[in-house]
Amino acid sequence: QKVSVEVLDHLEHLALVDFRDSEGVERLQKAIQFADQLHEVNTDGVEPMDSVLEDRCLYLREDDVTEGNCTKELLENAREKVEEYFVAPPGNIPLPKLEERETFLRDS
Amino acid sequence: AALNDGLRSQVSAALKEGRVTPTELCQRCLALIKSTKFLNAYITVAEETALKQAEESEERYKRGQPLGILDGIPIAVKDNFNTAGIETTCASNMLKGYISPYNATVVQKLLDHGAVLLGKTNLDEFAMGSGSTDGVFGPVRNPWSYSKQYKEKSVPKSHSEDEEPNWVITGGSSGGSAAAVSSFTCFAALGSDTGGSTRNPAAHCGVVGLKPTYGLISRHGLIPLVNSMDVPGILTRCVDDAAVLLGSLAGHDPKDSTTIQDDFKPFELPNLTDVSKLSIGIPKEYHAPGLSSEILALWSKAADLFKNAGAKVVEVSLPHTRYSIVCYHVLCTAEVASNMARFDGLEYGHRSDMKDSTESMYAATRREGFNDVVRGRILSGNYFLLKQNYEKYFVKAQKVRRLIANDFVKVFRSGVDVLLTPTTLSDAAPYTEFIQEDNRTRSAQDDILTQAANMAGLPAINVPTALSERGLPVGLQFIGRSFQEKQLLTVAKWFEKQVQFPVIQLEEIKRHDNGVLQHQKSASFS
């Protein structure tokens, strides 16, 4: 089964990364095909494994402030900032719809 | 003293006795880095800070107060570890110009032990790849391409063309680190290992590559690929040196909650002479399709070596081995999709000029910053994490992961101490041949023998074994029980002593008769 354009569009929205060309879409198709081999394995009664350290307790430290006050260092790597703020373009504006977006998918 | 014990008995001794100074060592390494620039192993060379660190080390030696074996030792770090004040790029446009505000814990530990940080080494972009060919700074060349051993075996081309088209890859993704250690520009290097990224280039470059147990060494400051599998890797010229590095790096880190809280005691490796109590497992599924007959023969010879020395050598089965790569493919892309979400241009790294909206700025930044490999994995990962696919792919892969991990548990429970397997399917491929297949295909092929250890979180090590018919290094892999690095390394060291892997003969490298930069050569194994 080929992945529908709706799903591809949805993926571009979620990932905020685009399928640059037909090769990108092909790559996904091949990746899915490859992953489908998993279904050959019988996993009845098997619990999913999140971590190889699942039998241990996670380390929890005391809720004490031990570091911080590094605003200056953290801002140094940002390209656009004002005083102690990172500057972002206006939010709440969704990515243009497929028909209006510059994406390879528009023509497929 | 053991021939192999490079850092402890050769270099450290020379430094303590004043036969060589830290600044001399540092300068020699820096000069060598310059003369081996064509290898493209380094992305950033931190010359000034390295010399300063060397001077400080020298002061300590003069006062008779060195910090330990690593004091004054030049080391290199893969460019996906944060290093304060030094650019950290992950070989990606996304992080070009990014100056880390902090040191990764492992980097800090090395510096606290007095090590001299020479620079950051090249890799595949964001550690995604098995060739060290897909970074924005270009591919890394395997130093063995320029060795006498390889050139002797090469079919001579017409006199006009030099070895340019013939050079072989380092393997990856920690290729820069492996090349740096292999070409003597540093004494040890840090890599990372998620699917084999330390062991694979170690095998191709003829160096020791250790993947520690997941949870033993802190990942704080290692830019993550797959949080549940990543580990910092150690690359050295001998097993003893790997133990020294491990000793300085392992242990709980409050900044990395996935490090275990058990006390870690650094150890020196015993010189094993009696292997009769050892049980070596040979997993039959590692006789994978595509395994070269040469490596198969070496593997078999190694098994015989243990048998003839009195060890118990048994064939074992890890039935889900062949699904490890598929499982990895799903889990890796899923975790990558999540991990790469932090790169949006706002706080650090590349930022697009697009200003229309936050989302379009993010999209443009990521379009400009990531290469095809990274973007491909992000998109695949997002696909597997879609609501309609989550159970079918992601959770399914997590179940298969448990089966893979259980395979190992069963085998170790049956009395096997250490597993012996090949590390790679063949020796290093020429670059022109390697790039004919795409990154995902190559990774799927090359990670087959190394990936399962990451899936199960087990420690594993590549030990250089012999030269192939083409004159290139071939290594074998030992996989140990969780947190049993001492046993694993002890066995590896015994094996290393038996095989006496030859020293690389690089015409461009001037030899040093006091043996400080290399080890003695003896009869080889193959």
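Chain B carries the name GATA amidotransferase in an unreviewed UniProt entry, which gives Horornis vulcanius as its organism.

The name recorded for chain A in an unreviewed UniProt entry is GATC amidotransferase, from Horornis vulcanius.

Visitor: What is the right way to look at the overall build of chain A in this model?
Guide: Scanning chain A from terminus to terminus reveals three helices and two strands. Sequence-ordered secondary structure for chain A, helices as α and strands as β, is α-α-α-β-β. In terms of overall size, chain A is more extended than a compact globule, its C-alpha atoms giving a radius of gyration of 22 Å where 108 residues would be expected to give roughly 13 Å. In terms of its C-alpha atoms, chain A occupies a principal-axis envelope of roughly 55 × 50 × 20 Å. Within the span of chain A, comprising 108 residues, buried residues form 31% of the whole. Taking as baseline every contact in chain A between residues at least 6 positions apart, the subset at least 24 positions apart corresponds to 52%. For chain A, the exposed surface amounts to about 7900 Å²; the carbon and sulfur share of it is 48%. Of the charged side chains in chain A, 12 are positive and 27 negative; the average position of the first set lies 7 Å away from that of the second.

Visitor: So what exactly am I meant to see when it comes to the side chain of B:Thr89 here?
Guide: All names here are of chain B. As for its position among the elements, Thr89 is in the loop between strand S2 (74-78) and helix H4 (105-112). Polar side-chain contacts of Thr89 include one of 2.5 Å to the side chain of Asp79. In contact with Thr89, not counting residues within four places along its chain, are Ile43, Asp79, Leu95, Lys96 and Phe137.

Visitor: Would you mind showing me how to read the UniProt feature "domain: Amidase" (unreviewed entry) in chain B here?
Guide: The sites that UniProt annotates as "domain: Amidase" (unreviewed entry) are residues 28-147 and 169-489 of chain B. Each end of residues 169-489 of chain B is marked by a C-alpha atom, and these two atoms are 27 Å apart; helix forms 41% of the span and strand 14%.

Visitor: Looking at this model, I keep getting lost on the pairing of strand S7 (residues 279-283) of chain B. Mind explaining?
Guide: Strand residues, when the strand is regular, have side chains that alternate between the two faces of the sheet. All names here are of chain B. Within S7, five of the five residues are buried, which leaves it mostly tucked inside the rest of the structure. Across the two faces of S7 the burial is the same, with Ser279, Gly281 and Pro283 and Ile280 and Ile282 all buried. For the handedness criterion, the β-α-β arrangement of S7, helix H9 (residues 293-308) and strand S8 (residues 312-316) is classed as right-handed. Across two bridges, S7 lies against strand S9 (residues 418-422) in parallel orientation. The residue of S9 that forms the bridge with Ile280 is Val418.

Rules of the game
Residues numbered from 1 in each chain as written. Chains lettered and ligands numbered in written order. Predicted model: local features only at pLDDT ≥ 70, side-chain atom pairs only at ≥ 80, totals over all residues. Heavy atoms only, no water. Helix = DSSP H or I, 4+ residues; strand = E, 2+ residues; numbered from the N terminus. Rg over C-alpha atoms; globule rule 2.2 N^0.38 Å. Buried < 20%, exposed > 50% of the residue type's maximum accessible area, 1.4 Å probe, protein only. Contact = heavy atoms within 4.5 Å. Areas by Shrake-Rupley, 256 points an atom, 1.4 Å probe, with all protein chains shown as cover. Lys, Arg positive; Asp, Glu negative; His and termini not counted. Charge placed at Lys NZ, Arg CZ, Asp CG, Glu CD. Polar contact = N/O pair within 3.5 Å; in protein donor to acceptor, adjacent residues only side chain to side chain. UniProt positions renumbered as here; feature names shortened; annotations may be inferred. Right-handed = clockwise from strand over helix to strand, strands pointing away. Pairing = 2+ DSSP bridges.

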